[in-house]
Amino acid sequence: MKKKIITILDYGSGNILSAKQSIIKVIENNNINAEVLISHKPQEIKKSSHIVLPGQGAFETCITGLKNISGMLEELTLFVIEEKKPFFGICVGMQLLADNSLEKGNHKGLGWIKGTIRKLPSEHLKMPHMGWNSIKLVNKSSKINPKETDYYFVHSYYFDCKNKENIIAETKYGINFPSIVNKENIYGLQFHPEKSADQGLDIIESFLKL
């Protein structure tokens, strides 16, 4: 079997080392023929079988970081939209998939999954939404096989998905918001699988096996 190349995009914003360590652990534990790269070079995308887009901080900072790398959005679009290869967005990396974000203004996203990033209603609730919370599957057609259990969240904004068929799981924090989104080869997690113990590693494993 051909070796898989898992590339974690380094665009100046994301929990990169933790994600890399978790992916390496999954590869070793499951004897997957794969290697993990951290890269900010668009040409590395051409060699990749899977792309992971981590993200933390503000939406605008993250999308600007991607746009500022010459050729990055073009190569990403070719990989994800044209070639339909597996793509995995984590936290703000998931939010970047939306059409736009209303965090501190109105900022254009990648537009790969229809929807808008909005602020979680904060009345009577601590912000950010931080810590362990459960997910509920609302669509069992996804290939990443998440368990209905607790995962680790850190965020104040959520993905208001336009098309319900793109929502795989929801989590309740004041409102029910999408915690896993999916469209064809594109997967997004609002929580951090790399910080979510064995159940998080299970999702990473299922992604690597796509």
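For the structure itself, look to the data block above.
All of the points below concern the structure found in this document. What you see is a predicted model, and the numbers here were worked out from it, not measured in a lab. (Residues numbered from 1 in each chain as written. Predicted model: local features only at pLDDT ≥ 70, side-chain atom pairs only at ≥ 80, totals over all residues. Heavy atoms only, no water.)

What follows covers the packing of helix H1 (residues 16-29) against helix H6 (residues 197-208). At a minimum axis distance of 9 Å, the contact between H1 and H6 shows a crossing angle of 70 degrees. As summarised for this structure, H1 and H6 are arranged roughly perpendicular, according to the angle between their axes. Listed contacts from H6 to Ser 22, Ile 23, Lys 25, Val 26 and Ile 27 of H1 are Leu 201, Ile 204, Glu 205 and Leu 208. Across the contact of H1 with H6, the residue classes tally to 6 nonpolar, 1 polar and 2 charged. (Axes fitted to C-alpha atoms, helices over the stretch in contact; angles between N-to-C directions. Helix = DSSP H or I, 4+ residues; strand = E, 2+ residues; numbered from the N terminus. Parallel < 35°, antiparallel > 145°, perpendicular 65-115°, else oblique. Contact = heavy atoms within 4.5 Å. Nonpolar A, V, L, I, M, F, W, Y, C, P; charged D, E, K, R; others polar.)

Here the focus is the pairing of strand E14 (residues 186-189). Across the two faces of E14 the burial is the same, with Ile 186 and Gly 188 and Tyr 187 and Leu 189 all buried. Remark: 2 residues form the turn of the hairpin made by strand E13 (residues 175-183) and E14, two consecutive strands paired antiparallel; Glu 184 in that turn has positive phi of roughly 55 degrees. (Buried < 20%, exposed > 50% of the residue type's maximum accessible area, 1.4 Å probe, protein only. Pairing = 2+ DSSP bridges.)

Among the residues making up helix H3 (residues 59-67), those that are buried are Phe 59, Cys 62, Ile 63, Gly 65 and Leu 66. One side of H3 carries all its buried residues, which in axial view fall inside an arc of 155 degrees. For H3, the secondary structure elements touched by its buried residues are strand E3 (50-53), helix H4 (72-82), helix H5 (92-95), strand E5 (100-101), strand E6 (107-108) and strand E7 (115-119). (Arc of directions from axis to C-beta.)

Scanning the entire structure with this criterion turns up 8 salt bridges. The residue Lys 46 makes a salt bridge to Glu 75 at a minimum N-O spacing of 2.8 Å. One end of the pair, Lys 46, is in helix H2 (residues 42-47); the other, Glu 75, is in helix H4, and 29 residues separate them in sequence. By relative accessible area, which is 55% here, Lys 46 ends up exposed. Taking the shortest distance from any N to any O, the salt bridge between Lys 114 and Asp 99 comes out at 3.7 Å. Taken together, the residues span a long stretch of sequence, with Lys 114 in the loop between E6 and E7 and Asp 99 in the loop between H5 and E5 at a distance of 15 residues. (Salt bridge = Lys/Arg side-chain N within 4 Å of Asp/Glu carboxyl O.)

It is worth spelling out the state of the cysteines at this point. Per the counting criterion, the structure on display carries 0 disulfides. For the unlinked cysteine Cys 161, the closest cysteine sulfur is that of Cys 91, found at 16 Å. Cys 161 gets classed as buried once you look at its relative accessible area, which sits at 5%. (Disulfide = S-S within 2.5 Å.)

Within H4, the full set of buried residues consists of Met 72, Glu 75, Leu 76, Phe 79 and Val 80. The buried residues of H4 occupy one face: seen down the axis, they fall within an arc of 115 degrees. Turned more than 90 degrees away from the buried face of H4, the exposed residues are Glu 74 and Glu 82. In the core, the buried residues of H4 are packed alongside strand E1 (4-9), H2, E3, H3, strand E4 (87-90) and E14. Once H4 ends, the next one or two residues include Lys 84, with phi positive near 55 degrees.

On to unusual backbone geometry, then. Here the amide bond leading from Met 127 into Pro 128 is cis, since omega sits at 5 degrees, within 30 degrees of zero. Positive phi, normally seen in glycine, also occurs at Lys 84, with a value near 55 degrees. Assignment of secondary structure puts Lys 84 in the loop between H4 and E4. Looking at Lys 84, the relative accessible area reads 42%, which means it is partly exposed.

What follows concerns the sheet that holds E1. What holds strands together in a sheet is hydrogen bonding between their backbones, with the strands either parallel or antiparallel. In space, the 8 strands of this open sheet follow the order E2-E1-E3-E4-E14-E13-E12-E9, with mixed pairing throughout. Two strands lie at the open edges of the sheet, namely strand E2 (34-39) and strand E9 (136-137), each paired on one side alone. Relative to E13, strand E12 (residues 167-173) runs antiparallel, the two sharing 6 bridges. The partner of Ala 169 across the bridge, within E13, is Ile 180.

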